[in-house]
Amino acid sequence: MRVLAYSGNIAVINEIKEKLAGKDVTTTQQKDKFLEFAYSKDYDVVCVDIWDADKEARELLGAVEDIKILILSHEPKFSEGREFLRLGAKGYANARMLEVHFKDALEAIERGEVWLYPEFIQNMIQMMTKEILPSNSSNLLEKLTNKEKEIAQLVYKGLTNQEIGEILQITVRTVKAHVGTIFEKTGAKDRINLILLMQKME
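Residues numbered from 1 in each chain as written. Predicted model: local features only at pLDDT ≥ 70, side-chain atom pairs only at ≥ 80, totals over all residues. Heavy atoms only, no water.

Trainee: Pulling in residues and values, what's your account of the confidence of the model for the chain?
Mentor: The pLDDT averaged across the chain works out to 86; a share of 91% of its residues lies at or above 70. Note on residues 129-133: pLDDT is under 50 here. Beyond four places in sequence and across chains, it has six contacts. (pLDDT = per-residue confidence, 0-100. Contact = heavy atoms within 4.5 Å.)

Trainee: Before we move on, can you summarise empty space enclosed by the protein with the specific residues and values?
Mentor: Tallied over the full model, the rule gives one cavity of 30 Å³ or more. By volume, the largest cavity is sized at about 100 Å³. As for the largest cavity, its lining consists of 13 residues, of which Trp115, Leu116, Ile121, Gly158 and Arg191 are closest to the centre. Looking at the lining of the largest cavity, the elements that each hand over two or more residues are β6 (115-116), α6 (118-127) and α10 (191-201). When the residues that make up the lining of the largest cavity are grouped by side-chain class, the tally is nine nonpolar, two polar and two charged. (1 Å grid on protein atoms, 1.4 Å probe; cavity = no way out; pocket = protein on both sides within 12 Å on 5 of 7 lines; lining within 4 Å. Points joined across faces, edges and corners; volume = space filled by probe spheres on them. Helix = DSSP H or I, 4+ residues; strand = E, 2+ residues; numbered from the N terminus. Nonpolar A, V, L, I, M, F, W, Y, C, P; charged D, E, K, R; others polar.)

Trainee: Before we move on, can you summarise the side chain of asparagine 161 with the specific residues and values?
Mentor: Looking at where asparagine 161 falls in the secondary structure, it is placed in helix α8 (residues 161-168). On the accessibility criterion, asparagine 161 (2% relative accessible area) is buried. Ignoring sequence-local partners within four residues, the contact set of asparagine 161 consists of Asp104, Arg111, Val172, Val175, Lys176, Val179 and Arg191. (Buried < 20%, exposed > 50% of the residue type's maximum accessible area, 1.4 Å probe, protein only.)

Below you can see the structure in the form of structure tokens.
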């Protein structure tokens, strides 16, 4: 995975480097260089600190087709996150989030999924009540095995794959396999869609 990260804040840049040690990461504090790199489309995921580059992030989302952008905000807000997701961002997160969340976000986005910071998910669920959902969602979990139901409930609580693995004492790879099967059986497109479906069941 090749990652491009931009922030005007050297402390944020250093944190990203530390959290993604061992990965192929290019960082820059120069907006012109950042845009040049991003437009090259040589990177799997682009991380943008919108504290410094809100305008540039919006420009990229509107101009570069299929770009996978993780928006980093120092003060995450539901309205801001919703707007960036509407524009095509694949993730919205706290710029200072934990290493485990950072890595989970990049892996999910590289797979084409949408990723949101766990503490932000419940607020998103409450506000997105107008989402179009299947009418048969009341028996949604009947198709799942007991283990899949258990994992679905942990996803519903906003836990990451690694956190689920630690709780159930299984590998992250096994969690990912179960989550993929859950998506397939329920028709959910991603974690957010699954959570919305489960919320409707309640």
